[in-house]
Amino acid sequence: MDGLGERTGKTATRGGWKQDPAGVRANIIAVAMAEFARNGLSGARMDEIAAKTRSSKRMIYYYFGDKEGLYRRVLEEAYRKVRDGEQELDLDHLPPVEALRRLVEFTFDHHSQHPDFIRIVMIENVHHAAYMKQSAAIRDVNAGAIRKLEDICRRGREAGLFRVVDPVELHWHISALSFFNVSNRATFSGIFGDALFSPEGQELLREHVVEMVLRYVLKTAPGA
């Protein structure tokens with residue numbers, strides 16, 4: 001590229017910062033999420049993140065402060081996306097059994113389709129949730145997930161369908177089954193083969209995860 005082209009490209013980029021700061025931040029976060037998921041907090045390099053964005057390292061620092069600030073924002077965005085997806089299910093208008101079924105199916109599918117989310121959570125566990133604890137946004141957005149389960153469980157009890165279940169424990173069961181499916185895929189398939197991770201295997205696993213959760217909460221087993 002000649003000098004004029006380089007100057008034009010830089011000018012366009014600077015204009016993009018001013019005209020679409022939300023888009024610039026979203027682009028940085030998306031690239032950073034992939035880098036942190038691949039290399040961890042300590043292994044990810046800001047130069048590499050900047051090189052893969054439509055921005056510069058200076059602008060990354062301008063928006064996020066430092067690498068730890070960017071990592072914390074990536075964590076917030078990762079949790080916000082999964083909770084936004086739950087909101088879009090519009091479960092309040094479904095019967096409680098169908099609402100719980102839809103929620104479990106969504107969680108299983110989301111985690112299976114977003115392995116970077118799983119890796120980011122695994123990395124934060126390595127850090128003993130130190131950065132998550134600094135974020136009120138993460139606490140607030142995840143509190144909504146428990147409130148949703150509380151509502152489903154209450155409606156199920158009032159309909160005479162559900163036994164008394166702790167919503168936090170129920171969330172643990174749903175998350176554990178869906179999380180392990182991704183977090184331990186490499187080691188599990190390396191030892192036992194990858195049949196469970198074929199499209200057919202994943203469909204069957206999802207069906208059985210739903211059945212296990214429903215058996216846990218229902219007074220009468222599904223189909224009985």
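You'll find the structure just up there.
In this text the structure is predicted, and so the values were computed from the model without any measurement.

## Some words on helix α9 (residues 167-183)
- Spanning 17 residues, α9 covers 23 Å between terminal C-alpha atoms, matching the ideal 24 Å at 1.5 Å per step.
- Buried within α9 are the following residues: Pro-167, Leu-170, Ile-174, Ser-178, Asn-181 and Val-182.
- Residues of α9 that are buried make contact with α6 (96-113), α7 (115-126), α8 (136-158), α10 (185-192) and α11 (199-217).
- The backbone nitrogen of Val-168 has a side-chain oxygen 3.1 Å away, supplied by the residue at the start of α9, namely Asp-166.

## Overview of the packing of helix α5 (residues 67-88) against α8
- Closest axis-to-axis distance for the α5/α8 pair is 9 Å, and the angle between their directions is 25 degrees. One way to sum up the angle between α5 and α8 is to call them roughly parallel. Here the hand of the crossing between α5 and α8 comes out left-handed. Across from Leu-75, Glu-76, Tyr-79, Arg-80, Arg-83, Glu-86 and Gln-87 in α5, the residues of α8 making contact are Ala-137, Ile-138, Val-141, Asn-142, Ala-145 and Lys-148.

## A word on the environment of Val-141
- Looking at where Val-141 falls in the secondary structure, it is placed in helix α8.
- Separated by 57 residues in the primary sequence, Val-141 and Asp-84 place their C-alpha atoms 9.0 Å from one another.
- In contact with Val-141, not counting residues within four places along its chain, are Tyr-79, Arg-80 and Arg-83.

## Here we look at the packing of aromatic side chains
- Throughout the structure, instances matching the rule amount to eight aromatic pairs.
- An angle of 50 degrees between the planes, with centres 4.9 Å apart, marks the rings of Phe-188 and Phe-192 as tilted. Taken together, the residues Phe-188 and Phe-192, both in helix α10 and four residues apart, mark about one turn of the helix.
- Here the aromatic cluster, defined as three or more aromatic residues joined through ring pairs, consists of Phe-180, Phe-188, Phe-192 and Phe-197.
- One cation-aromatic arrangement involves Arg-163 over Tyr-216; the distance from NZ or CZ to the ring centre is 4.7 Å.

About the thresholds
- Residues numbered from 1 in each chain as written.
- Predicted model: local features only at pLDDT ≥ 70, side-chain atom pairs only at ≥ 80, totals over all residues.
- Heavy atoms only, no water.
- Helix = DSSP H or I, 4+ residues; strand = E, 2+ residues; numbered from the N terminus.
- Expected span 1.5 Å × (residues − 1).
- Buried < 20%, exposed > 50% of the residue type's maximum accessible area, 1.4 Å probe, protein only.
- Contact = heavy atoms within 4.5 Å.
- Polar contact = N/O pair within 3.5 Å; in protein donor to acceptor, adjacent residues only side chain to side chain.
- Axes fitted to C-alpha atoms, helices over the stretch in contact; angles between N-to-C directions.
- Parallel < 35°, antiparallel > 145°, perpendicular 65-115°, else oblique.
- Left-handed = near helix turned anticlockwise from the far one by under 90°.
- Phe/Tyr/Trp six-rings, centres within 6.5 Å; stacked < 30°, edge-to-face > 60°.
- Lys NZ or Arg CZ within 6 Å of the ring centre and 35° of its normal.

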